[in-house]
Amino acid sequence: MSKYLMFQDFVLKDRRLLLAALADLGYTEVEEGEVLPLYGYLGDRRPETAELVVRRQHLGSASNDLGFARTPEGYVPIVSDYDQHALHGGQFLVKLRTAYSERVVEEVRRRLRGTARRTVDGSVVKITVRF
Amino acid sequence: MPEVEFTIDPETGKLELHVRGIAGPACDDVAKLARDLLGAPERELNTREYVLRPRVRPQLRARSGRRDDQWPS
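Residues numbered from 1 in each chain as written. Chains lettered and ligands numbered in written order. Predicted model: local features only at pLDDT ≥ 70, side-chain atom pairs only at ≥ 80, totals over all residues.

Peer 1: Tell me about the pairing of strand 2 (residues 14–20) of chain B, residues and numbers included.
Peer 2: Where strand 1 (residues 3–7) of chain A and strand 2 of chain B come together, five bridges link them in antiparallel fashion. Each bridged residue has a counterpart across the sheet, and for Leu5 of chain A the counterpart in strand 2 of chain B is Leu17 of chain B. Both strand 1 (residues 3–9) of chain B and strand 2 of chain B contribute to a ladder of seven bridges, which runs antiparallel. Each bridged residue has a counterpart across the sheet, and for Asp9 of chain B the counterpart in strand 2 of chain B is Lys14 of chain B. (Pairing = 2+ DSSP bridges. Helix = DSSP H or I, 4+ residues; strand = E, 2+ residues; numbered from the N terminus.)

Peer 1: Outline helix 1 (residues 15–24) of chain A, supporting the account with residue identities and numerical values.
Peer 2: For helix 1 of chain A, the set of buried residues is Leu17, Leu18, Ala21 and Leu22 of chain A. Angularly, the buried residues of helix 1 of chain A cover 140° about the axis, an arc narrow enough to put them on a single face. Packing partners of the buried residues in helix 1 of chain A comprise strand 3 (45–54), strand 4 (66–71), strand 5 (74–78) and helix 3 (92–112) of chain A together with helix 1 (27–38) of chain B. (Buried ≥ 20, exposed ≤ 12 C-beta atoms within 10 Å, placed from the backbone. Arc of directions from axis to C-beta. Contact = placed C-beta atoms within 7 Å.)

Peer 1: Quick rundown of the packing of helix 1 of chain A against helix 3 of chain A? Include the residues and the values.
Peer 2: Residues and elements named next belong to chain A. At a closest axis distance of 8 Å, the pairing of helix 1 and helix 3 adopts a crossing angle of 125°. It follows from the interaxial angle that helix 1 and helix 3 lie oblique. The element helix 1 and its partner helix 3 pack so that their crossing is right-handed. Seen from helix 1, the contacting residues are Leu17, Leu18, Ala20, Ala21 and Asp24; seen from helix 3, they are Leu96, Ala99, Tyr100, Arg103, Val104 and Glu107. When grouped by side-chain class, the residues that make up the contact of helix 1 with helix 3 number eight nonpolar, no polar and three charged. (Axes fitted to C-alpha atoms, helices over the stretch in contact; angles between N-to-C directions. Parallel < 35°, antiparallel > 145°, perpendicular 65-115°, else oblique. Left-handed = near helix turned anticlockwise from the far one by under 90°. Nonpolar A, V, L, I, M, F, W, Y, C, P; charged D, E, K, R; others polar.)

Worth remembering: the numbers are spatial, not functional.
Listed below in structure tokens is the structure:
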């Protein structure tokens, strides 16, 4: 073993992988642009803006827009308090990170031109990429 | 064979990554690829194998002034 890295609350750096992870969670309708306004469940404009937006119509009747603001470090999710508890049983951000991680693994495998072997140990997923 | 082992915990979203089988700083290239996609890790450790340098084999060369392709077969 030569190097070990651990990522916990990592930023979502890659737009393409983020869009793919959102699609994996069922969010295929994503608005892209610059400084897009975000709206609440009553149609009220919220103070935040974002560069990627899933409109509330695609989330739930009481949901607010879900946004991702681009920063120099990567995309930062903007999720209302309500949606943090409502989406995916309150696990939205964890599930998004998991889906993003899976996409990262595939991207690393592709760039290294390697092969991937996947095993599941309890709830933990291990993917070994050989190159 | 070099490999990267990813461990994903779907209950926490935590991602761990082990780079194996690459001696020396060459494994930084793989780590950089991960950083480009994930940002700065919360923990990063270089393990014992990291400090090993790739071994360079010495090559014998003719000293008589003859070129290699002039050696008798």
